[in-house]
Amino acid sequence: MHSSLKKHFFIFLLPTLIAFTVFFIVPFVLGVYLSFTEFTTVSNAQFVGFQNYIDAFTGDSTFLNALWFTVKFAVVSIITVNLFAFLLALALSKGLKGTNLFRAVFFMPNLIGGIVLGYIWQVIINGILLPYGVDLTFNANYGFWGLVVLTNWQMIGYMMIIYIAGINNISPQLIEAAKIDGATPFQILRKITLPLTMPSFTICTFLTLTNSFKLFDQNLALTAGAPGRETSMLALDIYNTFYGRIGYEGVGQAKGVVFFLLVAVLALLQVYLTRSKEVEA
Amino acid sequence: MKKFLSPILAALIALLAIFTTGCMGKTDDMNNDTQTIYYLNFKPEIAEAWEEIAKVYKDQKGVELKIVTAASGTYEQTLKSEMAKTEAPTIFQINGPKGFVNWKDYCKDLKDSELYKILSDKSLAVTSNGGVYGIPYVVEGYGIIYNSQIMDKYFSLDGKKVSINSTEEINSFDTLKAVVEDMTRLKGELGIEGVFGATSLQTGEDWRWHTHLANIPLYYEFTDKNIDLAGDDTKKIDLKYAENFKNVFDLYINNSTTDKKLLGSKSVADSMAEFALGKCAMIQNGNWAWSQINKVSGNTVKQENIKFLPIYTGTSSDATQGLCIGTENFLCINKNVDETKQKLSEDFLYWLFSSSDGKKFVTEKLDFIAPFDTFEEDEVPGDPLAKEVIRWMKKDNVTTIPWNFTVFPSQNFKESFGSALLSYAQGKHDFETLKNNVISAWEKESK
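Residues numbered from 1 in each chain as written. Chains lettered and ligands numbered in written order. Predicted model: local features only at pLDDT ≥ 70, side-chain atom pairs only at ≥ 80, totals over all residues. Heavy atoms only, no water.

Some points on the pattern of salt bridges
All names here are of chain B. The following threshold applies: A carboxyl oxygen of Asp or Glu within 4 Å of a side-chain nitrogen of Lys or Arg is what we treat as a salt bridge. Accessibility here uses a 1.4 Å probe with only protein chains present; expressed as a share of the type maximum, an area under 20% marks a residue as buried, one over 50% as exposed, and anything in between as partly exposed. Every helix listed is a DSSP run of H or I at least four residues long, and every strand listed is a run of E at least two residues long, numbered separately from the N terminus.
The tally for this structure, following the rule as stated, stands at 19 salt bridges over all chains. For Lys111, the salt bridge goes to Asp109, with nearest N and O atoms at 3.5 Å. Classification of Lys111 by relative accessible area gives partly exposed; the value is 39%. Here Asp109 falls in the partly exposed class, since its relative accessible area comes to 31%. With its nearest N and O atoms 2.8 Å apart, the salt bridge here joins Lys343 to Asp347. Here Lys343 pairs with Asp347, and both are found in helix H13 (residues 339-354), just four residues apart, close to one helical turn. For Lys343, a relative accessible area of 47% translates into the label partly exposed. Three or more residues are tied together by salt bridges with common partners; here these are Glu221, Lys225 and Asp238.

Right, here's the structure in full:
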């Protein structure tokens, strides 16, 4: 059986491999190629070298603005999402009454699509700001915090589930032993729970990091960049460059490639750093 | 367990193989079918009418017409992806000279086509170096739409301060301003929340201002400078008539249903609903807005009370100014598809705009004011705003303003104009800054 699986594994791999090639590798390679060309549709591209990359950074300041905005957003939301998710996970793994109900409720926002969420929060935030005679488009800070709140609301539930799984995996004997040795609850948290849930942290920070960078629907529906382009994040900026300006398709594509490299490097770096903190019980 | 696993997996692979070859076989079939033409529709509000046309055309001529409608505001995106497919649209549309620059590799020269021959005003077509690449299929007009019921009520009030007695007498910006401001004073008695509907400045909903309203001052500027719109002279503007733009824009935002600072979250649909429900008396929009007004539930505006007024801006030409009438919808034929398909597409368009069945669809279902010789005087759409557009077109001593915004540099320019307008409305910067922003954005985007 084993040897025949070894002999034929390639056949079993083939469907996935084909799908992966057709839907991922090919578009990706094509995308990188297109970033060096000027084109209207993907079939009439003309090679222009690095011009698109130069334009992406020097053409106007929208890309760098979007980059800075995205970085700020990512930092804030990675911290808040993980903090709140972990606290919730701690609370909901203590065997309180109605734990399952609470878990389901906190997880639910994650099931709603980004566009719908964006519009819902737009209405809510505008409603809050109405008594002050302004709206979401008035100040870029409103949009920024609006996005942070929205992202938290959406992602906390998901991350919470991952943390709960991590916390439940800790052997009760360890905690019991610590209690007998006279450890305070805070000591248990710091010396046992935290180190042993490091794998969950790795996953959750990875997910929040990449999700924050790639955020698009929520951004589009909540502010669409208003006021001006001040609250547009990288993905939205790329989209606007690609579709909003005649002859800028290549530049949008170049921004996309830069975006990919950036997210890839950051994500790898993050995984490497948090991995190194993981311990075995 | 493992014993069963491999046959199951093998079966799955087999299924997958059948599925993929099945799909491929299907596309092959469609490629061979030269009796299919494909129109990428721009106007979602008439998507159903197009489907009906396709059905009738198939019955009459045996040619399959495939209609795909791009969602509102996503035509360029959809066109870009559809064009890259093997089965690309055979008929598509561009929005004027700027759109042509983007799609020149795809537009067929229609100089010798039947459709161009029946075009009543040849100057409307998109031309380049003697070739004809885009043919307008609908003429539209915009101005200030007003509810004559509310206006009549105002003019019958004892407390009114203006000397004129009907909306027809308004023929300059000063009169308009006097009437509007007096109406704002009396809005309680008139039962309205503001004279104008919300000046929608949400991103993507601000085209009525950065495109339509801005057309008027720029039209006067281009006319003064005698600029050839097809040439490179449009690459720079100095907004000579900026003050006139400010006149109207200020009038809109100061006499509106909505506070100036809240305009950033209002959409066109919001303001059209206000008009339909009688919460405001005037609104700037075009004849396409009829379907929108008509569809609002609880609509209180009667069909016969919807009228057009030109957008007076306070220039010396106010008295003779008409509505802004033109088009930004030009049909093109894709020259990269099969020759037979190109011919079939041309035949279809000619059929639509010249045969009696086709024309009936155009006036009754599509509600187009079609710019072709083949349409008789009485073959026009029946909706009140289209009738008004025609009435204004036919008026003597009135100069119709063409749609010069087709030379506006790019969507990006319009968006930055829109956000500058929003900041101005919110009081974050003054009009001078707005003006300079627009001038520099125009120049930058025209490169």
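Things to note about empty space enclosed by the protein
All names here are of chain B. Spelled out, the test is: Grid points spaced at 1 Å and placed over the protein atoms alone form the basis of the search, with a cavity being a set where a 1.4 Å probe fits but cannot get out and a pocket an open set showing protein on both sides within 12 Å along at least five of seven lines. Lining residues have an atom within 4 Å of a point. Grid points are joined across faces, edges and corners, and a volume is the space filled by probe spheres set on the points. Three classes are used: nonpolar for Ala, Val, Leu, Ile, Met, Phe, Trp, Tyr, Cys and Pro, charged for Asp, Glu, Lys and Arg, and polar for all others, with Gly counted as polar.
Enumeration over the complete set of coordinates arrives at two cavities of 30 Å³ or more. Here the largest cavity is characterised by a volume of approximately 110 Å³. Around the largest cavity, the lining is made up of 15 residues, and of these Leu239, Ala242, Phe245, Phe417 and Val438 lie nearest the centre. Among the secondary structure elements, those contributing two or more residues to the lining of the largest cavity are helix H9 (207-225), helix H10 (242-254), helix H16 (411-425) and helix H17 (431-445). If you tally residues by element for the lining of the largest cavity, the top one is H17, at five residues. For the lining of the largest cavity, a count of residues per class yields 14 nonpolar, no polar and one charged.

Quick word on the domain arrangement of chain B
Residues and elements named next belong to chain B. Basically, it comes down to this: The split into domains, and so the bounds of each, comes from an automatic or database assignment of domains. Here the quantity called buried area is the accessible surface, traced with a 1.4 Å probe, that two parts lose on coming together, added over both. Polar contacts, as used here, are pairs of N or O atoms within 3.5 Å; protein pairs need one atom able to donate a hydrogen and one able to accept it. Residues neighboring in sequence count only if both atoms are side-chain atoms.
Partitioning chain B into structural domains gives domain 1 (30-139 + 327-375) and domain 2 (141-325 + 398-445). Placing the centre of domain 1 and that of domain 2 at their C-alpha centroids yields a distance of 31 Å. Approximately 800 Å² of surface area, both sides summed, lies buried where domain 1 meets domain 2, with 58% of it carried by carbon and sulfur atoms. Taken together, domain 1 and domain 2 are joined by zero salt bridges. Viewed at the interface, domain 2 and domain 1 are joined by zero residue pairs in polar contact (both at pLDDT 80 or more). Each residue belonging to the side of domain 1 that touches domain 2 can be placed in one class, and the counts come to three nonpolar, three polar and two charged.

Digging into a nonpolar patch on the surface
Residue and element names in this part refer to chain A. Convention followed: What goes into a patch is any residue over 30% in relative accessible area without a salt bridge, connected to like charges within 9 Å or, for nonpolar side chains (Val, Leu, Ile, Met, Phe, Trp, Tyr), within 5 Å. Per-residue and other accessible areas follow the Shrake-Rupley method at a 1.4 Å probe size, with only the shown protein chains counted as cover for residues.
A grouping of Phe9, Phe10, Leu13, Leu14, Leu17, Ile18, Val22 and Phe23 is seen on the molecular surface, where their side chains present a nonpolar patch of about 770 Å² in accessible area. Here Phe10 shows up in helix H1 (residues 2-34). On the basis of relative accessible area, Phe10 is assigned to the partly exposed category, the value being 44%.

Points about the pairing of strand S3 (residues 91-94) of chain B
Residue and element names in this part refer to chain B. Note the threshold: Strands qualify as paired when DSSP identifies two bridges or more between them.
Neither face of S3 is open: one carries Ile91 and Gln93, the other Phe92 and Ile94, and all of them are buried. Here S3 runs beside strand S11 (residues 330-333); their pairing, made up of four bridges, is antiparallel. Paired with Ile91 across the two strands is Ile333, which belongs to S11.

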